[in-house]
Structures are given as structure tokens and as C-alpha cells.
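# A structural walkthrough
Here is what each chain is made of, one letter per residue.
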Amino acid sequence: MPTYDYLCQDCSKPFEVRASITEYSKGIMPKCPRCGSERSIRTFTSINVMTARRAGGGRPGGCAPTAGPGCCG
Ligand SMILES: [Zn+2]
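Residues numbered from 1 in each chain as written. Predicted model: local features only at pLDDT ≥ 70, side-chain atom pairs only at ≥ 80, totals over all residues. Heavy atoms only, no water.

## Considering the side chain of Ser40
This is how the line gets drawn: Counting from the N terminus, the helices are DSSP H or I runs at least four residues long and the strands are E runs at least two residues long. Here a polar contact means two N or O atoms within 3.5 Å. Within protein one must be a hydrogen donor candidate and the other an acceptor candidate, and residues neighboring in sequence count only if both atoms are side-chain atoms. Working rule for contacts: check all heavy atoms of both residues, and any pair within 4.5 Å makes them a contact.
Counting through the fold element by element, Ser40 comes out in strand β3 (residues 40–43). In this structure the side chain of Ser40 is engaged in a polar contact, spanning 3.4 Å, whose partner is the backbone oxygen of Pro30. Ignoring any residue separated from it by four or fewer positions in sequence, one finds Ser40 in contact with Tyr6, Leu7, Cys8, Gln9, Phe15 and Pro30.

Printed below as a string of C-alpha cells:
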């Protein structure tokens, strides 16, 4: 079952919610485990990692051509 990252808008606590695809597509209103608020927003923590890999252009280590020494080790 996938997990979804949320951030409470009332107390700014990040938390994870487990829900099936079916449940999520119907729309879930996760409650903040700290303050019980339902005003939470979805966050995407893994998207940056995926795009960064793609931006590497297949270069080993993903370093830019202008990267200084020490970038790739
Ligand atoms: Zn909260």
C-alpha cells in the first residue's frame, strides 16, 4: 500500500498517510496526528530526486561539465 506525504497547515507537522489507490482517488482527508486538524496539504518529497536523476543526461555521477573538482570524487 503506497504512502502519501502530507503537511499540516495548522501546526506544520509533516506526516505520512497510508491509503490504497482506490481510497486516494476517492479523496482522503487525513487528520494530523499532532493536532487532529484536517487542513493538510499533499507534499511531494520524492519528485526532486527523480527529476535530478533525469537532468544528469546519462553522465556518470550526474555532474555538470562545469562542476569543479571534488564533485565526482
Ligand atoms: Zn497539526
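## Considerations on the pairing of strand β1 (residues 3–8)
Heads up, the condition is: Pairing between strands is defined by DSSP: at least two bridges between them are needed.
In terms of strand pairing, β1 meets strand β2 (residues 14–18) through five bridges, oriented antiparallel. Looking across to β2, one finds that Tyr6 is bridged to Phe15. Hairpin geometry of β1 and β2 is characterised by an intervening segment of five residues between the two adjacent antiparallel strands and by a positive phi of about 60 degrees at Ser12. Here β1 runs beside β3; their pairing, made up of four bridges, is antiparallel.

## Some remarks on the sheet that holds β1
Quick reminder of the rule: Axis geometry follows a simple rule: fit a line to the C-alpha atoms, using only the stretch in contact for helices, then measure angles between N-to-C directions, giving values from 0 to 180 degrees.
Pairing is antiparallel across the open sheet formed by three strands, whose spatial order is β2-β1-β3. Edge strands, defined here as strands with exactly one partner in the open sheet, are β2 and β3. In this sheet, adjacent strand axes meet at a mean angle of 40 degrees when their direction is disregarded.

## Re the coordination of the zinc ion
Stated precisely, the cut-off is as follows: Think of the donor list as every N, O and S atom within 2.8 Å of the metal, or within 3.2 Å for Na, K and Ca; water never makes the list, so a site can look incomplete. By the criteria applied here, four donors are tetrahedral when all angles lie between 85 and 135 degrees, four are square planar and six octahedral when opposite donors are over 155 degrees apart and every other angle lies between 65 and 115, and any other arrangement is irregular. Classification of residues uses two cut-offs on accessible area relative to the type maximum, computed with a 1.4 Å probe and protein chains only: under 20% is buried, over 50% is exposed, and between them is partly exposed.
Taken together, the protein ligands of the zinc ion are Cys8 (SG), Cys11 (SG), Cys32 (SG) and Cys35 (SG), with distances of 2.3 Å. With four donor atoms in place around the zinc ion and angles of 105 to 119 degrees between them, the coordination shape is tetrahedral. Site description for the zinc ion: donor spacing in sequence, C-x2-C-x20-C-x2-C. Of this pair, Cys8 sits in strand β1 while Cys35 sits in the loop between α1 (21–26) and β3, and the two are 27 residues apart along the sequence. By relative accessible area, Cys8 is classed as buried at 1%.

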